[in-house]
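Next come the chains, spelled out residue by residue.
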Amino acid sequence: MFQGSIVALVTPMNPDGSINIDNFKSLLDFHIENKTDGVVVLGTTGECPTIDFDEHTFLVKEAVAHINGRIPVIAGTGANSTKEAVFLTKSAKEAGADACLLVTPYYNKPNQQGLLEHYKAINDAVNIPQILYNVPSRTGCDLKNETVVLLSKLSNIIGIKDATGELERINFLKDKVTNDFIFISGDDLSFLEYMERGGSGVISVTANVVPDLMHNICHSILNGDIKKSKTINNKLSSLHEAIFIDSNPIPVKWLLNYLGLIREGIRLPLVRLDKKYQTNLIEAFESIK
């Protein structure tokens, strides 16, 4: 169910920072039309740190209702407070999400025992498929391989999104977890090799703007056509890099606005992409043609 190109969806906003629900729904249609295999709502790219609880519940409900079972909806429900993470995960289940994505707690930097207890509490509180999310470059907290092995034994934890870019991690883990444990890359720059090593897909920022190409790359790998996947991905190499030229999701939201897919809007403390980066981003996008 959770494989291929899964978009880390932006949260469209108006210039005043309010949510633009019409753009949100049109983006969902855009991804379904272009064969995106799943959608993550309110992950890092969805500006989850500045989305309040009411908005969180509203957006997950709207995504589930609008998609209506056509592709899986994964809700980002992680928090650095275990109590809040449980609340958001329960809310996502009630809204009808297919799974939840749980980032490691950020800023308070729990040790590995703390991470075990954090994820166990959520696992025990909510009966919904849960995907671990490790992105230490954003959180300052690394989920160690040995901890992942222990967490993989819990009933509701079905996989991990690994955004470390450290490909040896999947090599270690593949031999120590059950065959049905899912490995999803969270790094656009290295996802192809991650999938070659046994990953089932990618949760992608790049897929916001080229969903059809990301779908084709992933399914070429899954079907054993590595040559085709590499040929397509080589065309995207400049875009993969440029889309992280500033803090995510600043560049991708600017590019989506430039392409006419959303209005211009982002919430503080994030701001509009600086002009000095805009030409590079446009050139990277146009280079794929």
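Shown above is the structure to which this text applies.
The rules we used
- Residues numbered from 1 in each chain as written.
- Predicted model: local features only at pLDDT ≥ 70, side-chain atom pairs only at ≥ 80, totals over all residues.
- Heavy atoms only, no water.
- Helix = DSSP H or I, 4+ residues; strand = E, 2+ residues; numbered from the N terminus.
- Rg over C-alpha atoms; globule rule 2.2 N^0.38 Å.
- Buried < 20%, exposed > 50% of the residue type's maximum accessible area, 1.4 Å probe, protein only.
- Contact = heavy atoms within 4.5 Å.
- Areas by Shrake-Rupley, 256 points an atom, 1.4 Å probe, with all protein chains shown as cover.
- Lys, Arg positive; Asp, Glu negative; His and termini not counted.
- Charge placed at Lys NZ, Arg CZ, Asp CG, Glu CD.
- Phe/Tyr/Trp six-rings, centres within 6.5 Å; stacked < 30°, edge-to-face > 60°.
- Salt bridge = Lys/Arg side-chain N within 4 Å of Asp/Glu carboxyl O.
- Axes fitted to C-alpha atoms, helices over the stretch in contact; angles between N-to-C directions.
- Parallel < 35°, antiparallel > 145°, perpendicular 65-115°, else oblique.
- Left-handed = near helix turned anticlockwise from the far one by under 90°.
- Nonpolar A, V, L, I, M, F, W, Y, C, P; charged D, E, K, R; others polar.
- Right-handed = clockwise from strand over helix to strand, strands pointing away.
- Pairing = 2+ DSSP bridges.
- Expected span 1.5 Å × (residues − 1).
- Arc of directions from axis to C-beta.
- Polar contact = N/O pair within 3.5 Å; in protein donor to acceptor, adjacent residues only side chain to side chain.

Peer 1: I keep staring at the overall build of the chain and nothing clicks. Help me out?
Peer 2: Counting its secondary structure elements, the chain contains 13 helices and 8 strands. Over its C-alpha atoms the chain spans a radius of gyration of 18 Å, differing by no more than 12% from the 19 Å that the globule rule assigns to 289 residues. Taken across its 289 residues, the chain has 56% of its residues classed as buried. Of all intrachain contacts in the chain linking residues separated by at least 6 positions in sequence, the fraction that spans at least 24 positions is 72%. As displayed, the chain has an accessible area near 12,400 Å², and 49% of this comes from carbon and sulfur atoms. Taken together, the 28 basic and 34 acidic charged side chains of the chain have centroids lying 1 Å from each other.

Peer 1: Help me out: how do you make sense of the packing of aromatic side chains in this one?
Peer 2: Aromatic ring pairs are reported here in terms of the distance separating the ring centres and the angle at which the planes meet. If you walk through the whole model with that rule in mind, you get 3 aromatic pairs. Centre to centre, the rings of Trp254 and Tyr258 are 5.4 Å apart; their planes meet at 10°, and the pair counts as stacked. Residue Trp254 and its partner Tyr258 are located together in helix H12 (residues 250–258), separated by 4 residues, close to a single helical turn. Residue classification places Trp254 among the buried positions, given a relative accessible area of 9%.

Peer 1: How should the environment of Glu55 be read in this particular structure?
Peer 2: Inspection of the secondary structure puts Glu55 in helix H2 (residues 53–67). Counting along the chain gives 35 residues from Glu55 to Asn20, while the straight-line C-alpha distance between them is 11 Å.

Peer 1: Teacher, can you tell me more about the pattern of salt bridges here?
Peer 2: Pairs can form between side chains of opposite charge whenever their charged atoms are close. Counted by the stated rule, this structure contains 11 salt bridges. For the salt bridge of Glu47 with Lys253, the shortest nitrogen-to-oxygen distance reads 2.6 Å. Of the two residues, Glu47 is situated in the loop between strand S2 (38–41) and H2 and Lys253 in helix H12; the sequence distance between them amounts to 206 residues. Each member of the pair Glu47 and Lys253 is classed as buried. Arg272 is paired through a salt bridge with Glu264; the nearest N and O atoms lie 2.0 Å apart. Judged by its relative accessible area of 34%, Glu264 falls in the partly exposed class. When salt bridges with common partners are traced through the structure, they connect Asp142, Lys144, Glu166 and Arg169 into a single cluster.

Peer 1: What should I look at first to understand the packing of H12 against helix H13 (residues 275–286) in this one?
Peer 2: Helix-helix packing is characterised by the crossing angle of the two axes and by the distance between the axes. One way to put it is that H12 packs onto H13 with a least axis distance of 11 Å and a crossing angle of 70°. Between H12 and H13, the angle falls in the class roughly perpendicular. Our pair here, H12 against H13, has a crossing hand that is right-handed. Contact with H12, carried on its side by Pro251, Trp254, Leu255 and Tyr258, involves Gln278, Leu281, Ile282, Phe285 and Glu286 of H13 and no other residues of that element. Classifying every residue of the contact of H12 with H13 gives 7 nonpolar, 1 polar and 1 charged.

Peer 1: Would you explain the pairing of S2 in this entry?
Peer 2: Strand residues, when the strand is regular, have side chains that alternate between the two faces of the sheet. Covered by surrounding structure in S2 are Gly38 and Val40 together with Val39 and Val41, the residues of both alternating faces. For the crossover from strand S1 (residues 4–8) across helix H1 (residues 21–33) to S2, the handedness is right-handed. Where S2 and strand S3 (residues 73–76) come together, 3 bridges link them in parallel fashion. Its bridge partner being in S3, Val39 is matched across the sheet by Val73.

Peer 1: I would appreciate a short explanation of the sheet that holds strand S5 (residues 130–134) in the present structure.
Peer 2: Spatially, S1-S2-S3-S4-S5-S6-S7-S8 is the arrangement adopted by the 8 strands of the closed barrel, whose pairing is parallel. Within the sheet, the average angular offset between the axes of one strand and its neighbour, ignoring direction, is 25°. Here 4 bridges tie S1 to strand S8 (residues 201–204), and the two strands are oriented parallel to one another. Its bridge partner being in S8, Ser5 is matched across the sheet by Val202.

Peer 1: Hey, could you run me through H13 in this one?
Peer 2: Along an α-helix, residues three or four apart share an orientation, since each turn contains 3.6 residues. Under the 1.5 Å per step criterion, the end-to-end length of H13 is 17 Å for 12 residues, consistent within 8% with the ideal 16 Å. Within the span of H13, buried status applies to Gln278, Leu281, Ile282, Ala284 and Phe285. Buried residues of H13, seen end-on, are gathered within an arc of 160° and therefore sit on one face of the element. Against the buried residues of H13 lie helix H11 (237–242) and H12. For H13, the N-terminal cap is Asp274; the gap from its side-chain oxygen to the backbone nitrogen of Lys276 is 2.9 Å.

Peer 1: Help me understand the packing of H2 against helix H3 (residues 82–95) in this model?
Peer 2: Where H2 meets H3, the closest approach of the two axes is 9 Å, and the angle between their N-to-C directions is 30°. As summarised for this structure, H2 and H3 are arranged roughly parallel, according to the angle between their axes. Remark: the crossing between H2 and H3 carries right-handed chirality. Contacts from Phe53, His56, Thr57, Val60, Lys61 and Val64 in H2 reach Glu84, Phe87, Leu88, Ser91, Ala92 and Ala95 in H3. A per-class count over the contact of H2 with H3 returns 7 nonpolar, 3 polar and 2 charged.

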